[in-house]
Amino acid sequence: MTNKYCSVKPALNAGLRQVFIETYGCQMNVNDSEVVLSILQPHGYSLCNSIKEADLILINTCSIRDNAEQRIWGRLDIFRLEKKKRKGVVVGILGCMAERLKEDLLNHTAVDIVAGPDSYRELPQLIASLTGGGKQINTILSQEETYADISPVRMDKNGVSSYISIMRGCNNMCTYCVVPYVRGAERSRDPKSIVKEAEELFGNGYREVTLLGQNVDSYNWVNPENPTEKTDFARLLEMVALIDPKLRVRFSTSHPKDMGDSVLYTMAMYPNICKHVHLPVQSGSDAVLAKMNRKYTRESYLRRVAKIREVLPDCSISTDIITGFCGESEEDHLETLSIMREVGYYTAYMFQYSERPNTKAARHYPDDVPAEVKSRRLSEVIQVHGEISLASNQKDLGKVFEVLVEGYSKRSKAELTGRSSQNKVVVFPAGNHKVGDYVNVKIERCTPATLIGTEIIK
Ligand code: SAH
Ligand code: SF4
Ligand code: F3S
């Protein structure tokens, strides 16, 4: 039934409103969706599990590669059908694609609201303004917004490990990357709010936090009231590690040009700082790295790796790789394969280069590696990845790792799964253990992706 007050969006006038939030992209987006839920709850929204029950459908989007955006266009078509079936459903598009495409997204029939990553505090206002009839948009990027005071409502499944955003934006301008354009300038969050959030999580039973930033090594908080008071990433890591020895601390992403020794020494000092570094290399070729504007060379990258190994002999290293960047020759590609073997990554995220509009690469360098060559090179990278991750896991046979239990294994309720400090997935017979326990497991078998063992009492 409609009346003159709610004919435009009747669902918004109902008592308790249901919101469905779908998230794409990186962990930061997952965290942002939790911030969004926290902002909406005081306005009468509660989370629901399906678009069919939702009064408000939010989709938090990613622009990192073209295929990420294509998936989202596909979802918008599904939402359009849902809106046809149920009048009054509101659809909001959030995140990086909202920031990149702005008004172009508003023109989609499914979309009522477009909100960029720095405008989530405005969401209740944007929703309220819809009752006036028109669509709403806010894609203003901020120099200051860190959502520091907002406690995200956790949507993770296991209740054991969670993510904390410690900074937003990026100043690095890698030539292929859309992130600086859609997330804006880098800014660091007040360390006190980070520690408070980690303490609350620990108090609620969480046993692991991952500190998130596009380049955590450039975390640098300056107290606005006293500019001589500064906190760098090594100090922040220490502050979080000191909360409790039973709280594991992880972080991502490290930048090879910035990762300083002090971070490594801090990691060495605290057993609860996990011995894992995600150190994206992108390419093994100096020519490609220079064109990507990564600001390190193969040699300086390998020196960083050697330092990690020297200070933290049991530290694992993972990476990101892009195949087929502009001008990448066969020799460049072979250098990527060889650096993978040289470092012996335990795992890697591997992508074909996808040109992003308006980035420096899109403006200046032809996307000249043919699609079939990009994909053949990616398969070769994936093949080497399989070999080196198996080799890395085989080195762990016979070793004992402390595993933080995250849940039951996919195959059986008689087995638990968790991760070692090195971030490797470990599966073992459950015994009397439960989620959130620390268990010492001796490794007996492995696959390229999993270590399998049994508990030992130390
Ligand atoms: N800030 C992090 C990673 C951000 S994006 C860093 O500097 O490493 C995650 C990964 O996506 C990148 O490491 C890169 O490997 C990949 N990526 C980014 N832009 C891409 C593009 N245009 N095409 C293909 N992969 C891309
Ligand atoms: Fe993108 Fe480079 Fe910033 Fe990472 S460091 S987000 S790859 S611009
Ligand atoms: Fe994607 Fe934005 Fe993250 S582009 S990878 S969701 S910062």
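Above: the structure in question.
Residues numbered from 1 in each chain as written. Chains lettered and ligands numbered in written order. Predicted model: local features only at pLDDT ≥ 70, side-chain atom pairs only at ≥ 80, totals over all residues. Heavy atoms only, no water.

Draft legend 1. Representation of the sheet that holds strand E15 (residues 316-323). Strand order across the open sheet formed by three strands is E14-E15-E16, with parallel pairing between neighbours. Every interior strand has two partners, whereas the edge strands, strand E14 (276-278) and strand E16 (347-352), have only one. Sheet twist, expressed as the mean angle between neighbouring strand axes with direction ignored, is 10°. Where E14 and E15 come together, three bridges link them in parallel fashion. When the bridges of E15 are listed, His278 appears paired with Ser318. In the packing of helix H14 (residues 371-394) onto the sheet, the strands contacted are E15 and E16, and the crossing angle to E16 comes to about 175°. (Pairing = 2+ DSSP bridges. Helix = DSSP H or I, 4+ residues; strand = E, 2+ residues; numbered from the N terminus. Axes fitted to C-alpha atoms, helices over the stretch in contact; angles between N-to-C directions. Contact = heavy atoms within 4.5 Å.)

Draft legend 2. Molecular detail of the pattern of salt bridges. Taken as a whole and assessed by the stated rule, the structure comprises 40 salt bridges. Between Asp32 and Arg183 there is a salt bridge, with the nearest N and O atoms lying 2.9 Å from each other. Pair noted here: Asp32 is in helix H1 (residues 27-40) and Arg183 is in helix H6 (residues 179-183), with a separation of 151 residues, a long-range link. The salt bridge partner of Arg419 is Glu208, with a shortest N-O separation of 2.8 Å. Taken together, the residues span a long stretch of sequence, with Arg419 in strand E18 (residues 415-419) and Glu208 in strand E10 (residues 208-212) at a distance of 211 residues. Take Glu208: its relative accessible area is 1%, and that puts it in the buried class. Through salt bridges that share partners, Asp32, Asp118, Arg168, Arg183 and Arg187 make up one connected network. (Salt bridge = Lys/Arg side-chain N within 4 Å of Asp/Glu carboxyl O. Buried < 20%, exposed > 50% of the residue type's maximum accessible area, 1.4 Å probe, protein only.)

Draft legend 3. Main features of unusual backbone geometry. The omega torsion of the bond from Ser252 to Thr253 falls at 15°, within 30 degrees of zero and hence cis. With respect to the secondary-structure elements, Thr253 resides in the loop between strand E13 (248-252) and helix H9 (261-269). In this structure, Lys102 takes a positive phi of about 40° despite not being glycine. Assignment of secondary structure puts Lys102 in the loop between helix H3 (95-101) and helix H4 (103-106). Phi angles above zero are rare outside glycine, and Gln282 is one such case at about 70°. Its place among the elements puts Gln282 in the loop between E14 and helix H10 (286-292).

Draft legend 4. Geometry of the nonpolar core. Formed by 55 residues in total, the largest nonpolar core has its most connected members in Leu211, Phe233, Val240, Phe251 and Met267. In terms of residue count, the dominant contributor to this core is helix H8 (residues 233-241) (six residues). Filtering out sequence-adjacent residues up to four positions away, Met267 remains in contact with Leu237, Phe251, Ile273, Cys274, Lys275, His276, Val277, Leu312 and Cys315. Listed in part, the 23 residues of the second largest apolar core include Phe20, Tyr24, Ile59 and Val111. (Core = buried A, V, L, I, M, F, W, Y, C linked by side-chain atoms within 4.5 Å.)

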